[in-house]
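One letter stands for each residue in the lines below.
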Amino acid sequence: MCGIFGLITNQDIEIGKIILEGIKRLEYRGYDSCGIVAQHNSKLYVKKDAGKINEIHKRLKLDEFPFGTKLGLAHTRWATHGPPTKINSHPHLDCNEKIAVLHNGILENFFELKEELERKGHIFRSETDTEIFPHLIEEYMKTGIDFKFAVSEAMKRCKGAYGLAICHAEYPDQIIVVRKESPLVIGLEEGKTTYCASDIPAFLPYTRECYILDDNEMAVLAAGYVDFYDIDNLTNPKEKEKQIIQWSIDAAEKGGYKHFMLKEIYEEPSAMRRTLKISKETLQIFARILWGAKNIYITAAGTSYYACLAGKFIITKFLHKYIEAIECSEFQTQLGDALQEDSVIIAVSQSGETVDTIEAIRWAKEKLKNNVKILCITNVVGSSLTRYSDYVIVTQAGPEIGVAATKTYCTQVLTLALIGLEIAKFRKILTKEEIDNYYHALNSTPDIIETFLQENIDLIKDIVKNLDKSHNFFYLARGISIATAREGGLKLKEVACRFIEGYSAAHAKHGPISLVREGFPIIFIAPPDETYERLLGNVMEFKARGGMIISVVVEDDRLITGFSHRTIRIPQPSDKYFSLFSPITFIPALQLLSYYAALKNGLDPDQPLNLAKTVTVH
Ligand code: AGP
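Residues numbered from 1 in each chain as written. Predicted model: local features only at pLDDT ≥ 70, side-chain atom pairs only at ≥ 80, totals over all residues. Heavy atoms only, no water.

Peer 1: Describe the site of the ligand, naming the residues involved and giving the relevant values.
Peer 2: Near the ligand lie 14 residues; those nearest to it are Ser304, Ser349, Gln350, Ser351 and Thr354. Taking Thr354, its side chain carries an N or O atom lying 2.5 Å from an oxygen atom of the ligand. In this structure, the ligand is accommodated by the largest pocket. The set of elements that each furnish at least two residues to the shell around the ligand consists of helix H9 (302-319) and helix H16 (481-496). Across the shell around the ligand, the residue classes break down as five nonpolar, seven polar and two charged. Lining the shell around the ligand are residues from two domains, each supplying at least three of them: domain 2 (255-429) and domain 3 (454-602). (Near = heavy atom within 4 Å. Polar contact = N/O pair within 3.5 Å; in protein donor to acceptor, adjacent residues only side chain to side chain. 1 Å grid on protein atoms, 1.4 Å probe; cavity = no way out; pocket = protein on both sides within 12 Å on 5 of 7 lines; lining within 4 Å. Sits in = over half its atoms within 2 Å of the grid points. Helix = DSSP H or I, 4+ residues; strand = E, 2+ residues; numbered from the N terminus. Nonpolar A, V, L, I, M, F, W, Y, C, P; charged D, E, K, R; others polar. Domains from an automatic or database assignment.)

Right under this line is the structure:
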């Protein structure tokens, strides 16, 4: 995915500075190249290059716009078509350098369109799919139609996913944006300035008034004003509902922390306290639907998928029905004709824009002619996934900018746990005292994490120091903690570039144990649940083969601690109620381990190599 930010204004503001700051807030979406375009005196001024925004800014002074500029756009890229080079960076221009296009997404029929345009004499400069758009719009404008009509005609020819921001040298009063499957939001400072962006944090310091563009819609932005259209009906502007964003501005800034990842780990307690307030009615709707379902599937990608593994374990405990967790990219291939009517699918996605999650849901709806219920858990109001879902819960993590998901994982597991407890309540399978104990444990999770974060940073740094030379690791666990091991493993791979296997401790004896040599680091996730004694056996087996044992245990743990070289203690009581929610309370230790391991290895944890926060391409 890529990031787009732009504005049009009638105010005397520092437009260059605002555009540079805005695009930096979207750098999590891609960071291999960047560019800006300013429209002034019937000319377009472009600066672009490969590299991270700050490096390019040092060379090109991205915030210096011609004096009096009132319209500018910026882009940060995650390469799909063509390597990250200056020429492939956005914006892309038409032959006459009058039309500039910035794109997030993939144009699928670009070969065919490129051939057609080349036959008509268009000269292409880059290897990107994006460059088709300005040439195609140029071609339609040659027929004498107006800018926005030419954009609409061009869009009718395009297949694929796109969020586009477009400006024209001779249209100083307009930015045109269109959306199909790639997010675009509009921010409005009424009568003064209008913003467009791939995500809300880009304009949050200036306005909370926001409009979320739907698929196949166009917005025509003027200074302090915006018109919305269906892409194939430009005669009548349409009404759109305004959203008022409640996030604080601080949430989108680093606020004194060195990295967003660290800040977002520290925000976990507050994110969870907000999520604990999710409406009971919505939780009950989810609980009743699951209880009535014939088949239940839960699907997601990456961290959200590991949240599903933990969540399905908790829900199954109270629902007493099997829930099948399927990675979203395999949803269709694994289920095929086995997907039956009256199924319920829980789709979990931080961004609500992960293309494989959306595709899994769309496929299921199409196949069953809507005879399937989609329950969605996302962190982003109005995201694409919410539009394909019957019921939506929005986790209250606030914006997550770090590419590595941290606080959103905690809120996703928490939400699934809340649904599980609603099921337990109406099924009356537990005594009141047991229910109260589970709620007490769940409501305590923010405090446990808060205390852990206050007391353990030096310990984690010290463990990382001693792990410095290790390139391979195991995170081992049993039962619900396998989800924790896998998510912890994903974090370490992602940000610290270390190879780690998050695995079942029992299953690791069927092969992976052969890797263990003297000093091989093995991190055991060991809450005191029903798997603890067997896990102790696994600890001893791996220790006997020379493994360096680091255990993550509760405060008063003795047994596994006794066999460990190092111990990380989570400040929570040793009982089954708290242990059920250990995927939430144990994960910050592994997130911090990854964070400090990244720093130790000289890596930027906010911008891991080859990654972007949301994968919007197949
Ligand atoms: C998490 O650290 C990763 N960046 C990634 O695995 C992510 O969780 C995955 O791409 C799913 O994203 P989503 O939750 O926005 O759908």
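Having seen it, we continue.
Peer 1: Explain the sheet that holds strand E20 (residues 391-394) to me, and be specific about the residues and the numbers.
Peer 2: Strand order in the open sheet made by the five strands is E17-E16-E18-E19-E20, with parallel pairing throughout. Two strands lie at the open edges of the sheet, namely strand E17 (323-327) and E20, each paired on one side alone. On average, adjacent strands in this sheet sit at an angle of 20° to one another, irrespective of strand direction. (Pairing = 2+ DSSP bridges. Axes fitted to C-alpha atoms, helices over the stretch in contact; angles between N-to-C directions.)

Peer 1: Please set out unusual backbone geometry residue by residue, giving values where relevant.
Peer 2: At the junction of His90 and Pro91, the peptide bond is cis and its omega measures out at 5° in the coordinates. Within the fold, Pro91 resides in the loop between strand E4 (71-77) and strand E5 (92-93). In the Ramachandran plot, Ser42 falls in the positive-phi region, its phi being about 60° despite a non-glycine side chain. If you trace the backbone, Ser42 turns up in the loop between strand E2 (33-40) and strand E3 (43-50).

Peer 1: Please set out the sheet that holds strand E6 (residues 99-107) residue by residue, giving values where relevant.
Peer 2: Each strand in a sheet pairs with its neighbour through backbone hydrogen bonds, running either in the same direction (parallel) or in the opposite one (antiparallel). In space, the seven strands of this open sheet follow the order E5-E6-E7-E8-E12-E13-E14, with antiparallel pairing throughout. Each having just a single partner strand, E5 and strand E14 (233-238) make up the two edges of the open sheet. In the sheet, strand E7 (residues 160-168) pairs with strand E8 (residues 175-180) via four bridges, with the strands oriented antiparallel. From the neighbouring strand, Gly163 faces E8, where its bridge partner is Arg179. Helix H5 (residues 147-156) contacts E7, E8, strand E12 (217-222), strand E13 (225-230) and E14 of the sheet and is inclined by roughly 160° relative to E7. (Contact = heavy atoms within 4.5 Å.)

Peer 1: Tell me about the environment of Tyr388, residues and numbers included.
Peer 2: Along the chain, the position of Tyr388 falls in the loop between helix H12 (384-387) and E20. Tyr388 sits 27 residues away from Ile361 along the chain, and the two C-alpha atoms are 7.2 Å apart. When sequence neighbours within four positions are dropped, the list of residues in contact with Tyr388 reads Asp215, Ile358, Ile361, Arg362, Lys365 and Ile374.

Peer 1: Please provide a residue-by-residue account of the nonpolar core, values included.
Peer 2: Ranked by internal contacts, the top residues of the largest apolar core, which has 93 residues, are Leu290, Ile419, Ile568 and Phe581. In terms of residue count, helix H13 (residues 407-427) provides more of this core than any other element does, twelve residues in total. Residue contributions to this core reach at least three from each of two domains, namely domain 2 (255-429) and domain 3 (454-602). Counting 35 residues, the second-largest nonpolar core is a separate cluster that includes Ile15, Tyr31, Phe65 and Ile401. (Core = buried A, V, L, I, M, F, W, Y, C linked by side-chain atoms within 4.5 Å. Buried < 20%, exposed > 50% of the residue type's maximum accessible area, 1.4 Å probe, protein only.)

Peer 1: Residue-level account of the domain arrangement of the protein chain, with values.
Peer 2: One can read the domain layout of the protein chain as domain 1 (3-252), domain 2 (255-429) and domain 3 (454-602). Computed over C-alpha atoms only, the centres of domain 1 and domain 2 are separated by 32 Å. Between domain 1 and domain 2 the total buried area reaches about 1200 Å² when both faces are included, carbon and sulfur atoms providing 53% of it. Applying the counting criterion to the domain 1 and domain 2 interface returns two salt bridges. Of the charged contacts, one joins Glu181 and Arg362 as a salt bridge, the two residues approaching to 3.2 Å between their closest N and O atoms. For the side of domain 1 that touches domain 2, the class distribution of residues is nine nonpolar, one polar and six charged. (Buried area = accessible area lost by both parts, 1.4 Å probe. Salt bridge = Lys/Arg side-chain N within 4 Å of Asp/Glu carboxyl O.)

Peer 1: Outline the packing of aromatic side chains, supporting the account with residue identities and numerical values.
Peer 2: Note on aromatic pairs: each is described by the distance of the centres and the angle between the planes. Across all of its chains, the model carries 18 aromatic pairs by this definition. Note on Tyr438 and Phe581: the rings are 6.2 Å apart at their centroids and 75° apart in plane angle, and the pair reads as edge-to-face. Within this pair, whereas Tyr438 is found in helix H14 (residues 432-455), its partner Phe581 is found in the loop between helix H19 (576-580) and helix H20 (582-585), the two being separated by 143 residues in sequence. No difference in accessibility class separates Tyr438 from Phe581, as the two residues are buried. Seen in terms of ring centroids, Phe474 and Phe542 are 6.4 Å apart; in terms of plane orientation they differ by 85°. Their pairing is edge-to-face. In this pair, Phe474 is assigned in strand E21 (residues 472-477) and Phe542 in helix H17 (residues 532-544), connecting sequence segments 68 residues apart. Owing to a relative accessible area of 2%, Phe474 belongs among the buried residues under this scheme. You can call Phe542 buried: its relative accessible area is 0%. (Phe/Tyr/Trp six-rings, centres within 6.5 Å; stacked < 30°, edge-to-face > 60°.)

Peer 1: Can you explain the pattern of salt bridges? Please cite residues and give values.
Peer 2: In the structure shown here, the tally under the stated rule is 30 salt bridges. In this structure, the salt-bridge partner of Glu153 is Lys156, at a minimum N-O distance of 3.0 Å. Taken together, the residues Glu153 and Lys156, both in helix H5 and three residues apart, mark about one turn of the helix. For Lys367, the salt bridge identified is with Asp337, shortest N-O distance 2.8 Å. In this pair, Lys367 sits in helix H11 (residues 355-367) while Asp337 sits in the loop between helix H10 (331-335) and strand E18 (343-349), placing the two residues 30 residues apart along the sequence. What makes Lys367 partly exposed here is its relative accessible area of 29%. Here the salt bridges do not stand alone but share partners, grouping Asp214, Glu217, Asp230, Lys238, Lys240 and Arg387 into one network.

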